[in-house]
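Summary of the model geometry
What follows is each chain in one-letter form.
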Amino acid sequence: MVNRIQSVKGMNDMLPAVTADWQHVERVLQSIAQQYNYQEIRTPILEKTSLFVQSIGEQTDIVEKEMFAFEDAGGEHVCMRPENTAGVVRAGVQHGLFHNAQARLWYMGPMFRRERPQKGRYRQFYQFGMEAIGWPDATVDAELILIGERVWSTLGVEDVHLYLNTLGSDASRDAYRQALVNYLQQHMNDLDADSQRRLQKNPLRILDSKDESTQAILADGPKINDYLEQADAEHFAQLTSLLDVAGVSYTIDASLVRGLDYYTSTVFEWKTGSLGTQSAVCGGGRYDNLVEHHGGKPTPAIGFAVGMERLVELLQAEKKLNVPAVLDAYIISLDAQASASAQKLAEQCRDNNLMVALGHGQAKLKAQLKKADQSGADVAIIIGEEELSKGQGQIKYLRDQQDSQWLPLEEISGVLQAQCVRQERL
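First, a word on what this report is: a plain description of the structure on this page.

What counts and how
Residues numbered from 1 in each chain as written. Predicted model: local features only at pLDDT ≥ 70, side-chain atom pairs only at ≥ 80, totals over all residues. Heavy atoms only, no water. Helix = DSSP H or I, 4+ residues; strand = E, 2+ residues; numbered from the N terminus. Rg over C-alpha atoms; globule rule 2.2 N^0.38 Å. Buried < 20%, exposed > 50% of the residue type's maximum accessible area, 1.4 Å probe, protein only. Contact = heavy atoms within 4.5 Å. Areas by Shrake-Rupley, 256 points an atom, 1.4 Å probe, with all protein chains shown as cover. Pairing = 2+ DSSP bridges. Axes fitted to C-alpha atoms, helices over the stretch in contact; angles between N-to-C directions. Phe/Tyr/Trp six-rings, centres within 6.5 Å; stacked < 30°, edge-to-face > 60°. Core = buried A, V, L, I, M, F, W, Y, C linked by side-chain atoms within 4.5 Å. Salt bridge = Lys/Arg side-chain N within 4 Å of Asp/Glu carboxyl O. 1 Å grid on protein atoms, 1.4 Å probe; cavity = no way out; pocket = protein on both sides within 12 Å on 5 of 7 lines; lining within 4 Å. Points joined across faces, edges and corners; volume = space filled by probe spheres on them. Nonpolar A, V, L, I, M, F, W, Y, C, P; charged D, E, K, R; others polar. Parallel < 35°, antiparallel > 145°, perpendicular 65-115°, else oblique. Left-handed = near helix turned anticlockwise from the far one by under 90°.

Things to note about the overall build of the chain
- Per the secondary structure count, the chain includes 15 helices and 16 strands.
- Here the C-alpha radius of gyration of the chain, 27 Å, is well above what a compact globule of 426 residues would show, namely 22 Å.
- Dimensions along the principal axes, computed over C-alpha positions, put the chain at roughly 90 × 60 × 45 Å.
- Every one of the 426 residues in the chain was classed for burial, and the buried ones make up 47%.
- Put simply, of all contacts in the chain between residues at least 6 apart along the chain, 70% involve residues at least 24 apart.
- Of the roughly 21400 Å² of accessible surface on the chain, 47% is carried by carbon and sulfur atoms.

Let's talk about the sheet that holds strand E2 (residues 46–48)
- A sheet is described by the order of its strands in space; here 3 strands give the open sequence E2-E4-E3, paired in antiparallel fashion. This sheet does not close on itself; its edge strands, each paired only once, are E2 and strand E3 (68–71). Mean inter-strand twist for the sheet, computed between neighbouring axes without regard to direction, equals 35 degrees.
- In terms of strand pairing, E3 meets strand E4 (residues 77–80) through 4 bridges, oriented antiparallel. Bridge pairing in E4 places Ala-69 opposite Cys-79.
- Its contacts with the sheet put helix H2 (residues 49–56) on E2, E3 and E4, and the angle it makes with E2 is roughly 70 degrees.

Brief notes about the sheet that holds strand E1 (residues 39–40)
- In spatial order, the strands read E1-E5-E6-E11-E10-E9-E7-E8; together these 8 strands make up an open sheet with mixed pairing. The outermost strands of the open sheet, each flanked by one partner alone, are E1 and strand E8 (250–252).
- Here 5 bridges tie strand E10 (residues 280–286) to strand E11 (residues 301–307), and the two strands are oriented antiparallel to one another. When the sheet's bridge partners are listed, Gly-285 is paired in E11 with Gly-303.

Points about the environment of Gly-361
- By the secondary structure assignment, Gly-361 is in the loop between strand E13 (356–359) and helix H13 (365–375).
- Discounting residues that sit within four places of it in the chain, Gly-361 has contacts with Ser-333 and Gln-368.

Quick word on the packing of aromatic side chains
- Going through the model one piece at a time under the given rule, you end up with 8 aromatic pairs.
- Residues Tyr-262 and Tyr-263 carry aromatic rings whose centres are separated by 4.9 Å and whose planes lie at 55 degrees to one another, so their mutual orientation is tilted.
- For Tyr-262, a relative accessible area of 6% gives the class buried.
- The class of Tyr-263 is buried, set by a relative accessible area of 7%.
- Here the aromatic rings of Trp-270 and Phe-304 are separated by 6.5 Å at their centres, their planes lie at 80 degrees, and the arrangement is edge-to-face. Of this pair, Trp-270 sits in strand E9 (residues 264–271) while Phe-304 is found in strand E11, placing the two residues 34 residues apart along the sequence.
- An aromatic cluster of at least three residues, connected via ring pairs, comprises Trp-152, Phe-268, Trp-270 and Phe-304.

Concerning the nonpolar core
- One finds Phe-52, Leu-105, Ile-133, Leu-180, Leu-184, Leu-207 and Tyr-287 to be the most contacted residues of the largest nonpolar core, which totals 45 residues.
- Leu-29, Ala-33, Leu-155 and Cys-282 belong to the second-largest nonpolar core, a separate cluster that totals 44 residues.

As for the pattern of salt bridges
- Scanning the entire structure with this criterion turns up 15 salt bridges.
- Across the pair Lys-271 and Glu-269 runs a salt bridge, and its minimum N-O distance is 3.7 Å.
- Taking the shortest distance from any N to any O, the salt bridge between Glu-318 and Lys-320 comes out at 3.7 Å.
- Note on Glu-318: relative accessible area 17%, which makes it buried.
- We classify Lys-320 as partly exposed; its relative accessible area is 28%.

Points about unusual backbone geometry
- One non-glycine residue, Asn-100, adopts positive backbone phi at about 50 degrees.
- One can find Asn-100 in the loop between helix H4 (85–94) and strand E5 (103–112).
- Relative accessible area serves as the criterion here: at 67%, Asn-100 is assigned to the exposed category.

What to know about the layout of surface pockets
- Estimated volume of the second largest pocket: approximately 390 Å³.
- Forming the walls of the second largest pocket are 20 residues, and the residues nearest its centre are Arg-173, Asp-261, Tyr-262, Tyr-263 and Thr-264.
- Residue composition of the lining of the second largest pocket, by class: 7 nonpolar, 6 polar and 7 charged.

With respect to the environment of Lys-9
- Assignment of secondary structure puts Lys-9 in the segment before helix H1 (16–35).
- Overall, Lys-9 belongs to the exposed group, its relative accessible area being 59%.
- Those residues in contact with Lys-9 that lie beyond four places of it in its chain are Pro-117 and Arg-123.

Considering the packing of H1 against helix H11 (residues 308–317)
- At a minimum axis distance of 11 Å, the contact between H1 and H11 shows a crossing angle of 110 degrees. Accordingly, the angle class assigned to the pair H1 and H11 is roughly perpendicular. In this structure, H1 meets H11 at a crossing whose hand is right-handed. Across the interface between the two elements, Asp-21, Trp-22, Val-25, Glu-26 and Leu-29 from H1 touch Met-308, Glu-309, Leu-311, Val-312, Leu-315 and Gln-316 from H11.
- Tallied by class, residues from the contact of H1 with H11 come to 7 nonpolar, 1 polar and 3 charged.

Pasting the structure below:
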């Protein structure tokens, strides 16, 4: 007996029953990116491991525990990308996209992290991201956040709330880092093991700890807002002012740092209460040092990424994914002689940009009409011996009470195109 091979744990199949929902969300995201004049970039799934070690930080959970990294047959250390901002920056520097230029870029695709699989968190997962590279202004920070708000409003998402913070410049973070270390050293024995290890090498990562006792200690500790340089404070104040004018609701969260070392200045997340512990649906921030860190000139930048699985699950939880069927017609041939005419008519309909399914074979009419109804098509077109003798096809309306129509075969595609009323596809 042959063993059935199962998918790799945490790598999920996406079946036709859910791909229509995903395609709808993807079309909305792509359309919004185009509205804001962002251009698509596609980077390789496989990158050099050093790209992410240098970008994300050695003391992050991603690098320490979660990357699918290996040595290939040529002895090169490579990994499957755990996120895509580093890859976008690498590509931009490599191909000169940022040389005396600014860039608005978006991407969509799979990422890979070897985390414990659970609802909303998978080892292969998908992200949609946007990056604005070359602008230092708080107006661009506001633009990215307004794009996120437009995504939620367009899709009808209700249960999300924006959390906002600033990490300041290098000088601000250095002053805050020292104050945080001084404070946490007084509570060393009460910190979780990961936080004790990170205290000297990367103390800001402790702010991202999931340990409740560590978070209780941090609640009484120093806050980065008290250590901001004047320019950093002014940048953040301008951003909040712009969001206030735009009517965006937000909460300033002094503990929000994001989980990657490349973040500077503005950081933000949208969280939901509808997905249990996996509350973050979208997050991002500034990474003003990353381009220079990879060999480019000093270049300000900001971006965000949406977790596609979580967004789709949130829409499903809020019952906002009722994607209408897009099949216009289901063509039924009742005998072998009708098959050629049915095939020809199907191609004519497709020439007129109609979505058509052809019922192959010559099952009984009742069985084929049942399949036509199950397909979600607006109409069934029946071609049999009687229809062929008249050079016509019978149009049966499946979604309303209109009477059936008999029309010449050569006229059907044009009539259907004129009658077709369906939701515009983005």
